[in-house]
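Tertiary structure, described
Chain by chain, the residues run as shown.
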Amino acid sequence: MTQGRKLNMSEEQELLNSFMDGDRKAAEDLVNRTYKSIYTFLYRLCRDDENLALDLTQETYQKAWKALREFDGRSKFSTWLYRIAYNTFLNYARHPLRVVSIDDKARSAPICLDEGQEARMMEHEMKENLRQAVLNLPDELRFAITARYWGELSVQDIARMEQVSVVAVRRRMRRALKSIARYCEGRR
Amino acid sequence: MRRLTKREIKAWLRKWSVPEPPEGLVEKIRKEIPEGLSPGIKRKDYLPMKARGIRLIWQVATCLVIFILGTAIGVLISQKFVTERLSIRQTPINQLTSKEPVIRQPVPDQNGVSHSEVQQRGLQKSESPGEALLQQAPQTEGFVQASVKPRSSFDLDIQPAAFDLVKDHIEKGKLPPSDLIRPEEIINHFNREDVPVEENDFYVRAEGASSPFTSDSSYKILKINMRNYLRAVAKDASVEIEFNPSVVDYYRMVGAEDREKGNGMDIVPRKRDIRANEALTAIYEVKLKPELLPEDPVATLKLEYSPASTEKEKVKKIHTIHFPLYVLPERKPSPDLEFAAMVAKYAQMLKEIQNVREEDFQSLLDRAKSLVRDIPQKNDLEEFIQLVKATEKLKKEARDEKAGLESTIQR
């Protein structure tokens with residue numbers, strides 16, 4: 001299994017071309033190199049809900065294979081995948097019953113288990129506030145901030161994905177951080 | 001708690017720890033990799049970075065070129081606009097040189113000016129009336145020394161109503177008061193000469209003859225006729241005559257002294273509109289220097305006016321026309337000039353009616369009747385003759401009344 005460093009654009013293009021030429025191993029290689037990032041990204045969005053993150057990760061790839069013909073190569077494949085993952089999460093957030101499993105431990109959100117440790121409670125609270133703050137952001141700001149800090153995408157990749165300038169992406173991130181700070185302050 | 005800074009939020013976002021995904025996840029995903037994708041489908045070629053850079057440079061260059069062109073066009077248009085907003089003084093569009101005779105040899109008998117008339121004008125008695133005039137010039141008789149003040153302007157504001165008032169007085173049996181009499185208006189009333197059609201915008205004709213006011217042969221009268229041949233009003237028109245100091249010693253305008261200043265020294269050309277086809281006449285009396293050559297212009301007339309503009313035209317143009325007036329070989333003065341000289345003399349007599357004698361009126365009438373055959377404006381001449389007769393009658397009545405009054409007092 002090939003894991004490890006992120007692929008650059010040309011490497012991704014090569015794998016994609018190989019996959020489109022019928023090489024399945026190329027697709028597996030792509031999956032190996034991207035699934036962890038996608039999972040991490042969705043994990044944070046799903047309030048540390050592991051099961052939900054797994055489900056959404058799978059759903060993301062399913063949608064990606066279906067939409068692969070429409071992928072125009074304007075951005076990196078991984079970036080495009082992040083966008084699908086993000087939209088998948090949004091769909092869930094608007095229709096949460098779709099992905100609820102019977103023994104869904106994630107439904108009981110991971111609140112502070114260690115009642116005696118104030119630091120953990122505060123950390124948890126902080127994370128929850130941040131998450132809520134992020135989810136309350138407008139869509140374009142939310143994607144930019146999550147892709148950058150949770151998806152670990154570069155500003156250039158995000159700009160290419162969103163078809164805006166790098167300056168515009170940075171501007172969105174500044175606004176997002178300001179909104180998050182305001183939101184967290186208000187929640188205290 | 002204090003508000004979080006951006007750096008702190010970034011740090012929180014980054015350090016959000018996430019456990020490793022479960023091992024079965026990647027297998028599940030790989031199983032779902034489809035088999036059915038058609039081989040050979042190529043994704044669309046994405047424009048490489050280098051080409052994008054070139055495309056960006058091309059776009060910037062295009063914008064720059066458009067900007068420069070637009071600026072250049074804007075500058076050109078604004079320059080044209082600014083130029084037209086300024087008053088444009090065109091080069092003289094009419095350069096008429098009067099070829100009409102300006103001076104003729106004096107014929108004392110035809111002038112009918114006697115030595116006694118000079119005396120009646122209040123001048124000093126002298127053997128030579130010309131010298132007397134010379135002594136009197138310039139202040140007392142309105143003569144101006146050409147070397148001191150070569151430029152003269154005559155008033156274009158000829159009001160026909162003023163002559164009508166004078167005529168009205170005479171027809172009602174009263175001599176008009178002296179301040180009502182404006183000789184230039186009388187001259188213009190009787191000088192509606194029939195001038196030929198000209199292609200130029202203005203017609204200017206100058207003619208000279210011996211002065212009827214003196215027997216000195218060096219004194220001449222200069223009659224200047226102007227007519228507006230434009231089909232529209234010549235707006236803000238003004239006329240200036242610049243006498244040649246090497247030819248002209250003194251000059252004065254007959255009748256149209258500067259009423260504002262009173263001495264004719266500081267005349268500012270007054271402007272007024274000249275209607276289409278309107279004619280104007282001015283008469284100057286000049287004393288020439290003894291030595292002059294045919295190629296020496298006696299004076300130059302400068303006419304300035306603005307053609308009437310349309311509503312769309314916001315630019316004022318000024319046309320300046322120069323008419324040099326030359327001394328030419330003498331010949332017999334035209335009937336028009338003779339008539340103008342008579343009218344000028346009559347106007348002068350009317351203004352100084354107390355000094356005029358009966359024989360002066362008779363002399364004038366004789367001269368007028370002699371022109372009946374030759375002059376084209378027979379109606380004007382007839383009107384003039386009637387006016388002179390009426391004035392003579394009034395003068396006679398005034399004299400008789402005065403004589404009767406004196407005899408009553410003596411008794």
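Data block above holds the structure.
In short, a report on the structure.

Rules and cut-offs
Residues numbered from 1 in each chain as written. Chains lettered and ligands numbered in written order. Predicted model: local features only at pLDDT ≥ 70, side-chain atom pairs only at ≥ 80, totals over all residues. Heavy atoms only, no water. Helix = DSSP H or I, 4+ residues; strand = E, 2+ residues; numbered from the N terminus. Buried < 20%, exposed > 50% of the residue type's maximum accessible area, 1.4 Å probe, protein only. Contact = heavy atoms within 4.5 Å. Areas by Shrake-Rupley, 256 points an atom, 1.4 Å probe, with all protein chains shown as cover. Arc of directions from axis to C-beta. Polar contact = N/O pair within 3.5 Å; in protein donor to acceptor, adjacent residues only side chain to side chain. Salt bridge = Lys/Arg side-chain N within 4 Å of Asp/Glu carboxyl O. Core = buried A, V, L, I, M, F, W, Y, C linked by side-chain atoms within 4.5 Å. Axes fitted to C-alpha atoms, helices over the stretch in contact; angles between N-to-C directions. Parallel < 35°, antiparallel > 145°, perpendicular 65-115°, else oblique. Left-handed = near helix turned anticlockwise from the far one by under 90°. Nonpolar A, V, L, I, M, F, W, Y, C, P; charged D, E, K, R; others polar. Lys, Arg positive; Asp, Glu negative; His and termini not counted. Phe/Tyr/Trp six-rings, centres within 6.5 Å; stacked < 30°, edge-to-face > 60°. Lys NZ or Arg CZ within 6 Å of the ring centre and 35° of its normal.

Points about the overall build of chain B
Each helix and strand in chain B was counted, giving eleven helices and eleven strands. Classification of the 411 residues of chain B by burial places 43% in the buried group. Sequence-distant contacts, at least 24 apart, represent 80% of the contacts inside chain B between residues at least 6 apart. Of the roughly 22900 Å² of accessible surface on chain B, a fraction of 54% belongs to carbon and sulfur atoms.

Comments concerning unusual backbone geometry
One non-glycine residue, A:Gln163, lies in positive phi territory at about 60 degrees. Secondary-structure assignment places A:Gln163 in the loop between helix 7 (155–162) and helix 8 (166–187).

Digging into the environment of B:Leu303
Residue and element names in this part refer to chain B. Checked against the element boundaries, leucine 303 lands in strand 10 (residues 297–307). Note: C-alpha distance between leucine 303 and histidine 322 (19 residues apart in sequence) is 6.5 Å. Setting aside residues up to four positions removed in sequence, leucine 303 forms contacts with Phe202, Met226, Ser238, Val239, His319, Thr320, Ile321 and Phe323.

A word on helix 2 (residues 24–31) of chain B
In an α-helix, one turn spans 3.6 residues, which is why side chains three or four residues apart end up on the same side. Every buried residue of helix 2 of chain B is accounted for by B:Leu25, B:Val26, B:Ile29 and B:Arg30. When helix 2 of chain B is viewed along its axis, its buried side chains cluster within an angular range of 130 degrees and face the same direction. Buried-residue contacts for helix 2 of chain B involve helix 2 (24–45) and helix 3 (50–66) of chain A.

Structural notes on the environment of A:Thr146
Residue and element names in this part refer to chain A. With respect to the helices and strands, the residue threonine 146 is situated in helix 6 (residues 139–149). By relative accessible area, threonine 146 is classed as buried at 1%. In sequence terms threonine 146 and arginine 131 are 15 residues apart; their C-alpha atoms lie 9.9 Å from each other. With residues up to four places along the chain from it excluded, the contact list for threonine 146 reads Phe41, Leu45, Tyr86, Val134 and Gly151. A polar atom in the side chain of threonine 146 sits 3.2 Å from the backbone oxygen of phenylalanine 143.

Digging into the interface of chain B and chain A
Every contact between the two is made by 39 residues of chain B and, on the other side, 54 residues of chain A. Where chain B touches chain A, the interface holds one salt bridge. The salt bridge involving B:Glu20 is made with A:Lys36; its shortest N-O contact spans 2.9 Å. Inspection of the chain B/chain A interface yields six residue pairs in polar contact (both at pLDDT 80 or more). Contributions of two or more residues to the side of chain B that touches chain A are made by helix 1 (6–14) and helix 2 of chain B.

Considering the nonpolar core
Counting 70 residues, the largest nonpolar core has A:Trp65, A:Leu68, A:Phe77, A:Trp80, A:Phe89, A:Ile145 and A:Ile180 as its most contacted members. The biggest single contributor to this core is helix 2 of chain A, with eleven residues. Residues B:Ile283, B:Leu350, B:Ile375 and B:Leu381 belong to the second largest nonpolar core, which totals 37 residues.

As for the environment of A:Ala53
Residues and elements named next belong to chain A. In this structure, alanine 53 sits in helix 3. Its relative accessible area of 0% is what places alanine 53 among the buried residues. For alanine 53 and threonine 40, which are 13 residues apart along the polypeptide, the C-alpha to C-alpha distance reads 8.0 Å. Setting aside residues no more than four positions away along its own chain, alanine 53 makes contact with Tyr39, Leu42, Tyr43 and Cys46.

Structural notes on the packing of helix 2 of chain A against helix 3 of chain A
Residues and elements named next belong to chain A. Following both chains from N to C, one finds helix 2 and helix 3 inclined at 140 degrees, their axes separated by 9 Å at the closest point. If you check the angle between helix 2 and helix 3, you find them oblique. For the pair helix 2 and helix 3, the crossing hand works out as right-handed. The residues of helix 3 that touch helix 2, namely those facing Ala27, Val31, Thr34, Tyr35, Ile38, Tyr39, Leu42 and Tyr43, are Glu50, Ala53, Leu54, Leu56, Thr57, Thr60, Tyr61 and Trp65. Looking at the contact of helix 2 with helix 3 residue by residue, the class counts come to twelve nonpolar, three polar and one charged.

Details of the pattern of salt bridges
It is possible for side chains bearing opposite charge to pair when their charged atoms get close. According to the stated counting rule, one finds 25 salt bridges over all chains in the structure shown. Among the salt bridges present, the one from B:Lys287 reaches B:Asp249, with a minimum N-O distance of 4.0 Å. One end of the pair, B:Lys287, is in strand 9 (residues 279–288); the other, B:Asp249, is in strand 7 (residues 248–253), with 38 residues separating them in the sequence. Salt bridges here are not isolated pairs; linked through shared partners, they connect A:Arg83, A:Asp139, A:Glu140, A:Arg142, A:Glu162, A:Arg172 and A:Arg175.

Considerations on the side chain of B:Glu392
All names here are of chain B. Summarising the element assignment, glutamate 392 is placed in helix 11 (residues 378–410). Although buried, glutamate 392 forms no salt bridge, and the nearest oppositely charged side chain, lysine 396, lies 6.6 Å from it. Dropping the residues within four chain positions of it, glutamate 392 is found in contact with Glu358, Phe361, Gln362 and Leu365.

Notes on the packing of aromatic side chains
Counted according to the given criterion, the structure contains twelve aromatic pairs over all chains. An angle of 80 degrees between the planes, with centres 5.6 Å apart, marks the rings of B:Phe339 and B:Phe384 as edge-to-face. With B:Phe339 in helix 9 (residues 335–351) and B:Phe384 in helix 11, the pair connects residues that are 45 residues apart, well separated along the chain. You'll find B:Phe339 and B:Phe384 in the same group, each marked buried. Ring pairs connect the aromatic residues B:Phe243, B:Tyr251 and B:Tyr284, which therefore count as one cluster. In this arrangement the basic side chain of A:Arg83 is found over the ring face of A:Phe143, its NZ or CZ atom lying 4.3 Å from the centre.

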